[in-house]
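A structural walkthrough
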Amino acid sequence: MRFLFLIGFCTALFSQELHSLLDAYKKESDLSKVTKRDTSGFLEIYTREDLERMQVHNLLDVLKTVPGLYLKRGANNLTLFTTSSAQSAPVTFSRIYINDHDMTSSSFGSGFLIWGEMPIEYIDHIEIYKATSSMEFGNENASIIVKLYTKDAARDNGSKVRMIGDSRGGYDANIYTTDITKNGISYFAYANSDNIRRKTYHNTYNNKTYDFKSDKKGYNLYGSLSYKDYKLEFGKYSKENDSFIGIGTHKTPEGGGLDAQQLYIHLTKKFPERLKLQISYDNLEYNRQYNDENGIRIANAPLINSYNIKFIDDIFSVILEKKFQNDANSLFIGSFYKYKAFTAQGDYYDTALTYRHRNQLSNSLNLVSLYAEDIYAINDTTHILASVKGDFFRYQKDVKSQNEYLAKIGFVKAAGRTRFKFSYSKTYIPLAFYQLYNPQNIPYRANPQLNAPKMDLFTTGVYYQTKKHKFSLEFVHATLKDTLVYDPSTANGWVNSKEDIYKELLEIGYRYKFDLDNKIVCNIDFGRNSKDINFSPAFETTIRAYNRYRKFDFYNELIYRTSYTLYNIYTKVSLDFTSAVKYNYSNDFSIGIRGENILNRGFTLPYRGVSYAIPVTDQKFFLNVEYTF
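Conventions we followed
- Residues numbered from 1 in each chain as written.
- Predicted model: local features only at pLDDT ≥ 70, side-chain atom pairs only at ≥ 80, totals over all residues.
- Heavy atoms only, no water.
- Helix = DSSP H or I, 4+ residues; strand = E, 2+ residues; numbered from the N terminus.
- Rg over C-alpha atoms; globule rule 2.2 N^0.38 Å.
- Contact = heavy atoms within 4.5 Å.
- Core = buried A, V, L, I, M, F, W, Y, C linked by side-chain atoms within 4.5 Å.
- Buried < 20%, exposed > 50% of the residue type's maximum accessible area, 1.4 Å probe, protein only.
- Patch = residues over 30% accessible without salt bridge, like charges linked within 9 Å, V, L, I, M, F, W, Y side chains within 5 Å.
- Areas by Shrake-Rupley, 256 points an atom, 1.4 Å probe, with all protein chains shown as cover.
- Salt bridge = Lys/Arg side-chain N within 4 Å of Asp/Glu carboxyl O.
- Pairing = 2+ DSSP bridges.
- 1 Å grid on protein atoms, 1.4 Å probe; cavity = no way out; pocket = protein on both sides within 12 Å on 5 of 7 lines; lining within 4 Å.
- Points joined across faces, edges and corners; volume = space filled by probe spheres on them.

**Remarks on the overall build of the protein chain**
When its secondary structure is counted, the protein chain shows six helices and 37 strands. Taken over the C-alpha trace, the protein chain has a radius of gyration of 25 Å; the compact-globule value for 629 residues is 25 Å, and the two agree within 12%. Once the C-alpha set of the protein chain is aligned to its principal axes, its extents read approximately 95 × 60 × 50 Å. When contacts within the protein chain are restricted to residue pairs at least 6 apart in sequence, long-range pairs at least 24 apart make up 62% of them.

**What to know about the nonpolar core**
In this structure, Trp115, Met118 and Ile126 are the most contacted members of the largest nonpolar core, which totals 91 residues. Discounting chain neighbours no more than four positions away, the residues touching methionine 118 are His57, Asn58, Leu59, Ile98, Ile123, Leu148 and Tyr237. If you look at the next biggest cluster of nonpolar residues, it comprises 14 residues, including Tyr70, Phe244, Leu605 and Val610.

**Focus: a nonpolar patch on the surface**
Together, Tyr219, Leu221, Leu225, Tyr230, Leu232, Phe234, Ile265, Leu267, Ile279, Val318, Tyr337 and Val368 line one region of the surface with nonpolar side chains, adding up to about 940 Å² of accessible area. Of all elements in the fold, only strand 13 (216-227), strand 14 (230-241) and strand 15 (257-271) reach the threshold of two or more residues within the nonpolar patch. On the secondary structure map, leucine 267 appears in strand 15.

**Re the pairing of strand 10 (residues 186-196)**
The sheet contact formed by strand 9 (residues 171-180) and strand 10 spans 10 bridges and is antiparallel. Across the sheet, tyrosine 176 pairs through a bridge with tyrosine 190, a residue of strand 10. Linking two consecutive strands that pair antiparallel, namely strand 9 and strand 10, is a turn of five residues; a positive phi of about 90° is found at glycine 184 within it.

**Structural notes on empty space enclosed by the protein**
For the coordinates displayed, the defined rule picks out 14 cavities of 30 Å³ or more. Reported here for the largest cavity is a volume of approximately 400 Å³. Lining of the largest cavity is provided by 21 residues; of these, Asn58, Leu60, Asp61, Arg198 and Val616 occupy positions nearest its centre. The computed volume of the second largest cavity comes to approximately 290 Å³.

Below is the structure:
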């Protein structure tokens, strides 16, 4: 009996040690250590383990925690970025990649409007590059890059189901399966369906109450096939969103909303000698409807009550890249060609049909880009980076051709446990078709003679790291020229401003790693701009704690932002607290709960024409069940 007890005790001890060793191996072999680009601006990484402990279910849950970046929900229920104290950045300021595929758009320049709230159960890890010139990614230009890397058969053999329900009656259902066949073909297939319900707000006009609804439902599909040096990917995201506040003159919406989808096919072929070819196709449809019985004001027309517009994008892309490596140099060169077709259809009328206008317009763009980056190692601790890029825009009709050039120099120096990083970039913010082309200037004005805004971007960072501690000090200064302003007194609305503006952001970071399973991350951010007004909070503090105790995983997040006044509405100090607990019953089954904006004091936004500020994140609680088989 004693012998049997001893065997059982040793087996349990060995099993526990083996589990600990496997956990340690998983952390050391984390895929984010392979994919990250440490020279590309300031980087925030969310590892697979981070995402699992956070119990996030869509990309917005992650983006709202990124230090120095704020999510703003527009009056049309779409989400945009802003930085501390600054105005909302244009859509083309940020880009989303799924693996190497850029979620692009002809109409809007970037697919962030659609993919910003995508589900992420099939994502392995996320990298967010702030204040980058994006040349290193070999695609269209942007200053904020969100890179999402999918799970695959090499690391996720098997299947998984994840079900989420929330306190407002919404749900999120996910399933994926992956395997490697006997002939070496690996596949990954994922499907999602969600129905997100949010709190309804109200507005009163002429003794009648109108609802600000912002519910969303949709589905997401993703699949990949890999064989030797080939990889084929397919993705589709479709969603329906309520119109929220809308664009009516008195903010009195009645129905309407957004019905949008984007699908893509992406083929990658890797050749010997570090040569890579990518071919892809995207199709995007964006149907927007606004209804307002008290009138919607559009360009060059009387007040209307119904606004219907549909954008259709077709995009073909070919990318060819090669890397050269020797003892001192790492050279990366590439080129891409994109054909971006743009179509818009509209129908605008009043209730009595005394005015009705229908239009249809189309155009296309041929975009060619050449780029190169070289990293030269002076010695083991000192590196110099230089990169150049030329983008050549040729439109089918009416819009003027443009040649845009980018350049970047950088310097990285390590001295013991301290590392210094510096870069200076001359870059630009791309323009989208909706800003450039609309010959009738109904319902919006467009200016085919616009110049792309230019930006001088200066970044510097100091880092000190030990086994347990990591300190960081990062500073960004951006000067913008030829920024876009909307002048309704002009024939084409959009004009390039003659006034230069600047934005600055200072970030202090600290991470303490207790052990492999426990860490705390703290950030303090302060921003300012050249205007006399704060368009968003100037100061932010973020604290995130990741912990594990036996079979329990814990995540706690606290985001503090200062008050500010906009549109004559004072917004109070915000204190957004999120907490999640997961019980891992076994390696195959877990159950968890997550609470968002638990204190009901989260970040709020004022809107022009609305008498109060509205929270960006609802107070909500989730039940999460996961099963792997």
